[in-house]
Amino acid sequence: MRLPDPRPTVDKDAALVQAMFERVAPRYDVANTMLSLGQDRHWRRVATRAVDPQPGELILDVAAGTGALSHELLASGARVVPLDFSWTMLATGAEREGDARRLWWTNGDGTRLPFARGRFDAVTIAFGLRNLPDTAAGLRELARVTRPGGRLVVLEFSSPTWAPFREIYRRYLVGALPAAARMVTSHPAAYRYLAHSILAWPDQGGLARIITAAGWEQVRWKSLTGGIVAAHHARCPG
Ligand SMILES: C[S@@+](CC[C@H](N)C(=O)[O-])C[C@H]1O[C@@H](n2cnc3c(N)ncnc32)[C@H](O)[C@@H]1O
C-alpha cells in the first residue's frame with residue numbers, strides 16, 4: 001500500500017531551529033551516529049573528497065554544528081572556518097581534545113555571512129541547507145563569499161533511487177525514526193522535525209535545479225547509501 005505523499009509544511013522559523021539545536025547539542029554526535037547506523041562518517045568523507053581541499057586553501061563550513069565535516073576538511077591541510085548560529089553546537093565541538101583548536105570557530109548566521117565577497121576557495125554545508133528559511137537565498141549568499149571558480153559541496157538528505165526502498169524509507173522516517181529517537185535522545189520533537197523536513201525536501205535532480213537557479217554552475221551529484229543522502233558539487237561562476 002502506498003502512503004499518501006505528505007509533503008508537510010515545515011516550520012523553518014530561524015529562532016525555533018536555533019533553539020532546537022541548542023537543546024540537542026550535547027548529544028548530537030552520538031545520536032547522529034546511532035540513528036544513521038554509523039553512515040554519517042562515510043557521508044562526510046565522500047563530501048570531503050568532493051571538495052578536494054588543497055593545503056592552505058580557505059574553506060567555509062556553514063551550519064558546521066560540532067565541526068564533524070570541518071575536521072575532515074582540516075585533515076587535508078586546508079584552513080577551515082566552521083560557522084554556525086548555535087553557540088552550544090560550536091562550543092561542544094570547540095571544547096573537544098585534539099585538532100579543535102586549529103579550527104576558526106565562528107558564531108554567525110548562514111543567511112548573512114560576516115565575510116567579504118570571494119573570500120573562500122570552497123564552501124560546504126552538511127545537513128544544514130534544509131534548515132535555512134530560504135534555500136535559494138542561502139545558496140546565493142554562499143556564492144557571494146566564494147571566489148570565481150571556487151567550489152560548493154552540499155551534503156544533504158535526499159531521495160532513495162530505488163522506488164520500493166523509497167517507500168520503506170518513508171515509513172522509517174515517519175514511524176521508526178521518531179520511536180528510536182525517543183530512546184536515544186530526550187528531544188524526540190527534534191527528530192519529528194528531521195523526518196518532516198526530509199520528506200519536504202527536493203530529490204537529487206530537484207536540488208540540482210535549485211542550485212543552478214541560484215547562480216552556481218556545473219552542478220553534479222553523487223547519491224549515497226541508496227540515495228538516502230546526496231553530495232552535490234558545483235562551481236562558482238567567473
Ligand atoms: C543537522 S546539524 C549539521 C551539523 C554538521 N554540519 C554535521 O554535519 O553534523 C544543522 C546545523 O545547522 C545549523 N543552522 C541551521 N540554520 C542555520 C543558520 N541560519 N545559520 C547558521 N547555522 C544554522 C544548526 O545550528 C545546526 O548546528
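Scope of this entry: the structure provided in the associated data block. Throughout, a residue's number is its position along its own chain's written sequence, starting from 1. The predicted origin of the model limits local features to residues at a pLDDT of at least 70 and limits the giving and counting of side-chain atom pairs to 80 or more, whereas totals for whole chains, interfaces and linings rest on all residues. Derived side-chain values reflect all non-hydrogen atoms in the structure, with water molecules and hydrogen atoms excluded from consideration.

### As for the sheet that holds strand E6 (residues 217-224)
Across the sheet, 7 strands lie side by side as E3-E2-E1-E4-E5-E7-E6; this open sheet has mixed pairing. The sheet is open, and its two borders are formed by strand E3 (106-107) and E6, each paired with just one other strand. As paired elements, strand E5 (residues 146-157) and strand E7 (residues 229-235) share 7 bridges and run antiparallel to each other. Residue pairing across strands places Leu 155 opposite Ala 231, the latter belonging to E7. The contact rule is simple, with two residues in contact once any of their heavy atoms fall within 4.5 Å. Convention adopted: a line fitted to C-alpha atoms gives each axis, helices being fitted over their contacting stretch, and angles between N-to-C directions are expressed from 0 to 180 degrees. Secondary structure is summarised from DSSP: a helix means a run of H or I of at least four residues, a strand means a run of E of at least two, and numbering begins at the N terminus for each. Against the sheet, helix H6 (residues 135-144) touches strand E1 (58-62), strand E4 (120-126) and E5, its axis set at about 145 degrees to E5. Paired strands are those between which DSSP finds at least two bridges.

### With respect to the environment of Thr 135
Here Thr 135 is to be found in helix H6. Here the term buried applies to any residue with accessible area under 20% of the maximum for its type, exposed to any over 50%, and partly exposed to those in between, with areas from a 1.4 Å probe on protein chains only. The exposure class of Thr 135 is buried, given its relative accessible area of 14%. Along the chain, Thr 135 and Ile 211 lie 76 residues apart, while their C-alpha atoms are 8.8 Å from each other. Other than its neighbours up to four places away in sequence, Thr 135 contacts Leu 129, Trp 201 and Ile 210.

### What to know about the nonpolar core
Remark: nonpolar core denotes a set of buried residues (Ala, Val, Leu, Ile, Met, Phe, Trp, Tyr, Cys) joined through side-chain atoms within 4.5 Å. Residues Trp 43, Leu 155, Phe 157 and Val 229 are the most contacted members of the largest nonpolar core, which totals 41 residues. It is helix H8 (residues 188-199) that provides the largest number of residues to this core, a total of 7 residues. Setting aside residues no more than four positions away along its own chain, Trp 43 makes contact with Ser 36, Phe 127, Leu 155, Phe 157, Leu 224, Thr 225, Ile 228 and Val 229. Val 62, Val 81, Leu 139 and Ala 143 belong to the second-largest nonpolar core, a separate cluster that totals 25 residues.

### Remarks on the side chain of Asp 40
For Asp 40, the location among the structural elements is in helix H3 (residues 39-51). Judged by relative accessible area, Asp 40 falls into the buried class, the value being 6%. With residues near it in sequence (within four places) discarded, Asp 40 still touches Asn 32 and Thr 33.

### Topic: H3
For H3, which comprises 13 residues, the first-to-last C-alpha distance of 19 Å matches the rise-based estimate of 18 Å (1.5 Å per residue) to within 8%. Among the residues making up H3, those that are buried are Asp 40, Trp 43, Arg 44, Val 46, Ala 47, Thr 48 and Val 51. Once H3 ends, the next one or two residues include Asp 52, with phi positive near 55 degrees. In this scheme, a helix's expected span is set at 1.5 Å multiplied by one less than its residue total.

### Remarks on the pattern of salt bridges
The salt bridge criterion pairs a side-chain nitrogen of Lys or Arg with a carboxyl oxygen of Asp or Glu, the two atoms within 4 Å. Scanning the model with the defined rule gives 9 salt bridges in all. The salt bridge involving Glu 156 is made with Arg 130; its shortest N-O contact spans 2.7 Å. Of this pair, Glu 156 sits in strand E5 while Arg 130 sits in the loop between E4 and H6, placing them 26 residues apart in sequence. Take Glu 156 and Arg 130: they sit in the same class, and that class is buried.

### Looking at the packing of aromatic side chains
Only Phe, Tyr and Trp rings take part, Trp by its six-membered ring, and two of them pair if their centres are within 6.5 Å. Stacked means planes under 30 degrees apart, edge-to-face means over 60, and tilted covers everything else. One pass over the structure, following the stated rule, counts 6 aromatic pairs. Judged by centre distance (6.3 Å) and plane angle (35 degrees), the ring pair of Phe 165 and Tyr 169 falls under tilted. Taken as a pair, Phe 165 and Tyr 169 lie in helix H7 (residues 163-184) at a separation of 4 residues, close to a single helical turn. Tyr 169 sits in the buried class, given a relative accessible area of 7%. Ring centres 6.2 Å apart and planes at 20 degrees place the aromatic pair Tyr 169 and Tyr 172 in the stacked group. With Tyr 169 and Tyr 172 both in helix H7, this residue pair falls 3 residues apart, about one helical turn. For Tyr 172, a relative accessible area of 30% translates into the label partly exposed. Through successive ring pairs, a cluster of aromatic residues spans Trp 43, Phe 127 and Phe 157.

Nothing here speaks to function; it is geometry throughout.
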